[in-house]
Amino acid sequence: MRIKEVHWSKMEASVILPILKKKLAFLSGGKDRRSGLILTIPLCLEQTNMDELSVTLDYLLSIPSEKCKARGFTVIVDGRKSQWNVVKTVVVMLQVILVSANKLTRYIEPCQLTEDFGGSLTYDHMDWLNKRLVFEKFTKESTSLLDELALINNGSDKGNQQEKERSVDLNFLPSVDPETVLQTGHELLSELQQRRFNGSDGGVSWSPMDDELLAQPQVMKLLDSLREQYTRYQEVCRQRSKRTQLEEIQQKVMQVVNWLEGPGSEQLRAQWGIGDSIRASQALQQKHEEIESQHSEWFAVYVELNQQIAALLNAGDEEDLVELKSLQQQLSDVCYRQASQLEFRQNLLQAALEFHGVAQDLSQQLDGLLGMLCVDVAPADGASIQQTLKLLEEKLKSVDVGLQGLREKGQGLLDQISNQASWAYGKDVTIENKENVDHIQGVMEDMQLRKQRCEDMVDVRRLKMLQMVQLFKCEEDAAQAVEWLSELLDALLKTHIRLGDDAQETKVLLEKHRKFVDVAQSTYDYGRQLLQATVVLCQSLRCTSRSSGDTLPRLNRVWKQFTIASEERVHRLEMAIAFHSNAEKILQDCPEEPEAINDEEQFDEIEAVGKSLLDRLTVPVVYPDGTEQYFGSPSDMASTAEHIRDRMKLVSLKRQQLRHPEMVTTES
């Protein structure tokens, strides 16, 4: 019958699990005709412990919702397998009315009764108990986790500024893994939605964890709250992680800055010299490379930090942008300044090494030149004189170039030394620089004096040899002029062949030929002047020319041949101009001057000029010695002649058209 009033407290199934396993009472999920839940107490032959029964009842009655409790309960005390005094005790304790088993259907539908009372409702107590344990464990863990997450999230919201000012507390982590709890909740909710809480896989039954018992709504509500708090918690973790990363970056930035502005700068302050030789400069370079190697390790940290800061800036919360940019700017300023100082020092040492290298090379060149000048040279022929003088000039020129290079290197080095004060950290470097400046200027002055002494000796040697060199040079250049003139003659005969396709082109060829002749004339005049200079030099040196004496006859002979060939070329081009000009007048359609076109004499003149030109192409150039030479090859002459014949054919055709105009009309 109905329970009028029952007192219960909230407890957990896991605490009283041994008692619940005894199945002293249970909620089968069935309902009476008033929708009240059915509480079944199956008494057995063994003595029932009233305390355990009371605990079981308290737990079971704490499960339903307040709405469900308001509808009351129907308690079925099954005393068929128990003693009467036990049944009586239970009945008195629960204050219920006794009815027989066969009258249960007055209050309860058979479908709401279990098989023990002749009903069809299926109930598995261990299955229910196991799922109840899962539900309560999830409820307990999720509730505890929600409290922890809320505490963490609310604390983070309220103490955001204080959090930034202290190190990260490792105790802020929740006691259980939120992902695990969420997964458990989703699995539980899925099972609640797919089947009854205590139903079998294939059967249909009421569940004491149905909507009336708030199982599914509670799980859903807890999952929603968990997701919300866990999302906030993840954001808190992200913010704290970002803060931690920012603090680590700031710490590393200060480490880089402190080292560069401290030990790194001290190392550079101690290095000011440039050395007084190649070996000394190389030793200083090696020391500087060691300093650079130490800096490179910190620069590598700078690159990594800069990338991390750039990534955070891209991710970018506005509240951190100012601080990140400030860190990035501070780090970049210090690193770039230190890198510039390292580069400045490296460039200075490299310039010093180059200066000492140029000075050493120049010193060796001056030694070699002086040794050559101290030996009296008596050349046996002009070639040796020319070779000796050339070598002397080359050495002197090399010395000039070397001294100029030394001055440039020295001035550049002095300029760099004067700029050292720009990054001396307030240190007066005048004393250190004075020694370097004096050394550089002393080296350049010494080299200048040595070079001047060598130049004086070279002038004396040059005066002795210059006239003989000029003599041989004039003879060689005269011979070269003959060769050039011969080449021009050869080019004239082999390549100056074309007569042009029209009058304009032929005029251009004629103009080019005249310029070509001017070049040949200049070459001939140059050769004549050289030969005249040779005579004067021989008279001055009181010696005879060492040449064979055939240079002047060769020059005159080649020039005569060139002149004859050139004149022939001019005649042919002038005839070609006359031929093309008259032919073009005939072939052009000039209705304004019909009498000019009808003049038969013009056609005859064109034909005569064309034939004369063709005949001239077959005539060779005859030199005074009787030798003959043709312009170009036979194929070249044939090609030129063929073009002239084609033009003559066109003129002839034009002549026929004028004589018989009706033939043109008919053909048209």
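A. Local environment of the overall build of the chain. Helices and strands together make up the secondary structure of the chain, namely 18 helices and 5 strands. For the chain, buried positions account for 40% of its 668 residues. Long-range pairs, those at least 24 residues apart, make up 82% of the contacts in the chain between residues at least 6 apart in sequence. For the chain, the exposed area adds up to about 37,200 Å²; of that, 52% sits on carbon and sulfur atoms.

B. Fine view of the packing of aromatic side chains. Evaluated as defined, the whole model comprises 7 aromatic pairs. Taking the centre distance of 5.5 Å and the plane angle of 15° together, the rings of Trp259 and Trp298 count as stacked. Taken together, the residues Trp259 in helix H8 (residues 215-269) and Trp298 in helix H9 (residues 278-315) connect sequence positions 39 residues apart. With relative accessibility at 15%, the residue Trp259 sits in the buried group. Between Tyr302 and Tyr336, the aromatic rings sit 6.3 Å apart at their centres with planes inclined by 75°, giving edge-to-face as the arrangement. Taken together, the positions of Tyr302 in helix H9 and Tyr336 in helix H10 (residues 318-373) put the pair 34 residues apart, joining distant regions of the chain. Its relative accessible area of 54% is what places Tyr336 among the exposed residues. An aromatic cluster is built from Phe516, Tyr524, Trp559 and Phe562, whose rings are joined through pairwise contacts.

C. Inspection of the pattern of salt bridges at higher detail. Per the stated rule, a full pass over the model turns up 21 salt bridges. A salt bridge links Lys451 to Asp400; the nearest nitrogen and oxygen atoms lie 2.7 Å apart. Note that Lys451 is positioned in helix H12 (residues 430-495) and Asp400 in helix H11 (residues 382-418), a separation of 51 residues in sequence. By relative accessible area, which is 10% here, Lys451 ends up buried. Since its relative accessible area comes to 30%, Asp400 is described here as partly exposed. Residue Glu505 is joined to Arg498 by a salt bridge in which the shortest nitrogen-to-oxygen separation is 2.6 Å. Using a relative accessible area of 24% as the deciding quantity, one classes Glu505 as partly exposed. The network of salt bridges with common partners includes Asp400, Lys451 and Glu455.

D. Fine view of the sheet that holds strand E1 (residues 26-31). Ordered by their spatial adjacency, 3 strands build an open sheet running E1-E2-E3, and the pairing between neighbours is mixed. For this open sheet the edge positions go to E1 and strand E3 (73-78), each flanked by a neighbour on one side alone. Taking each pair of neighbouring strands and ignoring which way they run, the sheet shows an average axis angle of 30°. Sheet topology places E1 next to strand E2 (residues 37-42); 3 bridges connect them, and they run antiparallel. Paired with Lys31 across the two strands is Leu37, which belongs to E2.

E. Seen up close, helix H2 (residues 50-61). Under the 1.5 Å per step criterion, the end-to-end length of H2 is 16 Å for 12 residues, consistent within 8% with the ideal 16 Å. Buried within H2 are the following residues: Glu52, Leu53, Thr56, Leu57, Asp58, Tyr59, Leu60 and Leu61. Sitting at the head of H2, Asn49 places a side-chain oxygen 2.9 Å from the backbone nitrogen of Asp51.

F. Looking closely at the packing of H2 against helix H4 (residues 84-94). As a packed pair, H2 and H4 sit with axes 12 Å apart at the nearest point and diverge in direction by 40°. If you check the angle between H2 and H4, you find them oblique. Along this stretch, H2 crosses H4, giving a crossing that reads as right-handed. Here Met50, Leu53 and Leu57 of H2 lie close against H4, whose contacting residues are Val86, Thr89, Val90, Met93 and Leu94.

G. Spatial organisation of the packing of helix H16 (residues 600-617) against helix H17 (residues 634-659). Following both chains from N to C, one finds H16 and H17 inclined at 165°, their axes separated by 10 Å at the closest point. The angle between the axes of H16 and H17 places the two elements in the roughly antiparallel class. Crossing handedness for the pair H16 and H17: left-handed. Residues Glu600, Phe603, Asp604, Ile606, Glu607, Gly610, Lys611, Leu613, Leu614 and Leu617 of H16 pack against Met637, Thr640, Ala641, Ile644, Arg645, Met648, Val651, Lys654, Arg655, Leu658 and Arg659 of H17.

H. Representation of unusual backbone geometry. One non-glycine residue with positive phi stands out, namely Lys23, at about 55°. In this structure, Lys23 sits in the loop between helix H1 (17-21) and E1. On the basis of relative accessible area, Lys23 is assigned to the partly exposed category, the value being 28%. Phi angles above zero are rare outside glycine, and Ser35 is one such case at about 70°. Position of Ser35 among the secondary structure elements: in the loop between E1 and E2.

I. The nonpolar core, seen in detail. Formed by 29 residues in total, the largest nonpolar core has its most connected members in Leu39, Ile41, Tyr59 and Leu60. Elements supplying a minimum of two residues to this core: H1, E1, E2, H2, E3, H4 and helix H5 (125-158). Apart from residues lying up to four places away in sequence, Leu60 is in contact with Ala25, Phe26, Leu27, Leu39 and Trp128. Judged by nonpolar contacts, the second largest core, of 25 residues, contains Leu348, Ala351, Leu414 and Met447.

J. Here's a closer look at empty space enclosed by the protein. One pass over the full model with this rule turns up 2 cavities of 30 Å³ or more. Taken together, Ile497, Leu499, Arg569, Arg572, Leu617, Phe631, Met637 and Thr640 make up the lining of the largest cavity. Of all elements in the fold, only helix H14 (551-587) and H17 reach the threshold of two or more residues within the lining of the largest cavity. Across the lining of the largest cavity, the residue classes tally to 5 nonpolar, 1 polar and 2 charged.

K. Region of the structure containing helix H7 (residues 178-194). The first and last C-alpha atoms of H7 sit 24 Å apart over 17 residues, in line with the 24 Å expected at 1.5 Å per residue. Inspection of H7 places Pro178, Val181, Leu182, Gly185, Leu188, Leu189 and Leu192 among the buried residues, and these make up the whole buried set. Within H7, the buried residues cover an arc of 130° as seen down the axis, which keeps them to one side.

L. Structural view of the confidence of the model for the chain. On average, residues of the chain score 78 in pLDDT, and 84% of them are at 70 or above. Contacts from residues 163-170, a stretch scored under 50 in pLDDT, to residues over four places away or in other chains number 8 contacts. A low-confidence stretch, residues 590-594 (pLDDT under 50), is modelled with 1 contact involving residues beyond four sequence positions or located in other chains.

M. Quick peek at the side chain of Asp78. Note that Asp78 resides in strand E3. Ignoring sequence-local partners within four residues, the contact set of Asp78 consists of Ile41, Pro42, Leu43 and Phe117.

N. View of the state of the cysteines. Throughout the structure, instances matching the rule amount to 0 disulfides. The cysteine Cys454 is free of any disulfide, with Cys374 supplying the nearest cysteine sulfur at 8.4 Å. Judged by its relative accessible area of 4%, Cys454 is buried.

Basis of the calculations
- Residues numbered from 1 in each chain as written.
- Predicted model: local features only at pLDDT ≥ 70, side-chain atom pairs only at ≥ 80, totals over all residues.
- Heavy atoms only, no water.
- Helix = DSSP H or I, 4+ residues; strand = E, 2+ residues; numbered from the N terminus.
- Buried < 20%, exposed > 50% of the residue type's maximum accessible area, 1.4 Å probe, protein only.
- Contact = heavy atoms within 4.5 Å.
- Areas by Shrake-Rupley, 256 points an atom, 1.4 Å probe, with all protein chains shown as cover.
- Phe/Tyr/Trp six-rings, centres within 6.5 Å; stacked < 30°, edge-to-face > 60°.
- Salt bridge = Lys/Arg side-chain N within 4 Å of Asp/Glu carboxyl O.
- Pairing = 2+ DSSP bridges.
- Axes fitted to C-alpha atoms, helices over the stretch in contact; angles between N-to-C directions.
- Expected span 1.5 Å × (residues − 1).
- Polar contact = N/O pair within 3.5 Å; in protein donor to acceptor, adjacent residues only side chain to side chain.
- Parallel < 35°, antiparallel > 145°, perpendicular 65-115°, else oblique.
- Left-handed = near helix turned anticlockwise from the far one by under 90°.
- Core = buried A, V, L, I, M, F, W, Y, C linked by side-chain atoms within 4.5 Å.
- 1 Å grid on protein atoms, 1.4 Å probe; cavity = no way out; pocket = protein on both sides within 12 Å on 5 of 7 lines; lining within 4 Å.
- Points joined across faces, edges and corners; volume = space filled by probe spheres on them.
- Nonpolar A, V, L, I, M, F, W, Y, C, P; charged D, E, K, R; others polar.
- Arc of directions from axis to C-beta.
- pLDDT = per-residue confidence, 0-100.
- Disulfide = S-S within 2.5 Å.

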